[in-house]
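# Secondary and tertiary structure notes
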Amino acid sequence: MDYSGYPDCRPEYIAAYERMANLATKRAVEGQRLRIHAPLIGLSKGEIIQRGLELGVDYGLTHSCYDPSPAGVACGQCASCHLRLKGFAENGIEDPAPYQVSALAA
């Protein structure tokens, strides 16, 4: 649901890509059709983070940044960092990932 600015994350795109793959691959043409599953596509970032917490994800080992430092530290300024930080805030917890810039003053 947080796909603003990311057109390849929309349900319409996933459905179109699945149709294209089923037209363009030998396996699908021969009867073994491809099915794309996107179980998180209808969830907000906060809901995704909650699901990960329930599953025991160590979010300190992850980041969502599109412009991390060479060492892999999130920038804290891009749209993806902001969405992630908002999702953690919605869950009432601090994001354990390091950021280059003290991010998102909510």
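Use the structure listed above.
Just so you know, these numbers come straight off a predicted model, no measurement behind them. (Residues numbered from 1 in each chain as written. Predicted model: local features only at pLDDT ≥ 70, side-chain atom pairs only at ≥ 80, totals over all residues. Heavy atoms only, no water.)

This structure, assessed with the given rule, holds 4 salt bridges. A salt bridge links Arg35 to Glu18; the shortest N-O distance between them is 3.2 Å. Placement of Arg35 in the loop between α2 (26–29) and α3 (45–55) and of Glu18 in helix α1 (residues 11–24) is noted, with a sequence separation of 17 residues between them. When its relative accessible area of 53% is taken as the criterion, Arg35 is described as exposed. Residue Glu18 is classed as buried on the basis of its relative accessible area of 17%. Put simply, Lys26 and Glu30 hold a salt bridge, and the shortest N to O gap is 3.9 Å. The class for Lys26 is exposed, based on a relative accessible area of 63%. Using a relative accessible area of 59% as the deciding quantity, one classes Glu30 as exposed. (Salt bridge = Lys/Arg side-chain N within 4 Å of Asp/Glu carboxyl O. Helix = DSSP H or I, 4+ residues; strand = E, 2+ residues; numbered from the N terminus. Buried < 20%, exposed > 50% of the residue type's maximum accessible area, 1.4 Å probe, protein only.)

What follows deals with helix α4 (residues 79–90). Here α4 contains 12 residues, and its C-alpha end-to-end distance of 16 Å stays within 8% of the 16 Å for a straight helix at 1.5 Å per residue. For α4, the set of buried residues is Ser80, Cys81, Arg84, Leu85, Gly87 and Phe88. Angularly, the buried residues of α4 cover 155° about the axis, an arc narrow enough to put them on a single face. The positive-phi residue at the C-terminal boundary of α4 is Gly92, with phi of around 70°. (Expected span 1.5 Å × (residues − 1). Arc of directions from axis to C-beta.)

In this section: the nonpolar core. One finds Cys65, Ala74, Cys75, Cys78, Cys81, Leu85, Ala97 and Tyr99 forming the largest nonpolar core, which totals 8 residues. Excluding anything up to four places from it in sequence, Ala97 contacts Tyr59, Gly60, Thr62 and Arg84. (Core = buried A, V, L, I, M, F, W, Y, C linked by side-chain atoms within 4.5 Å. Contact = heavy atoms within 4.5 Å.)

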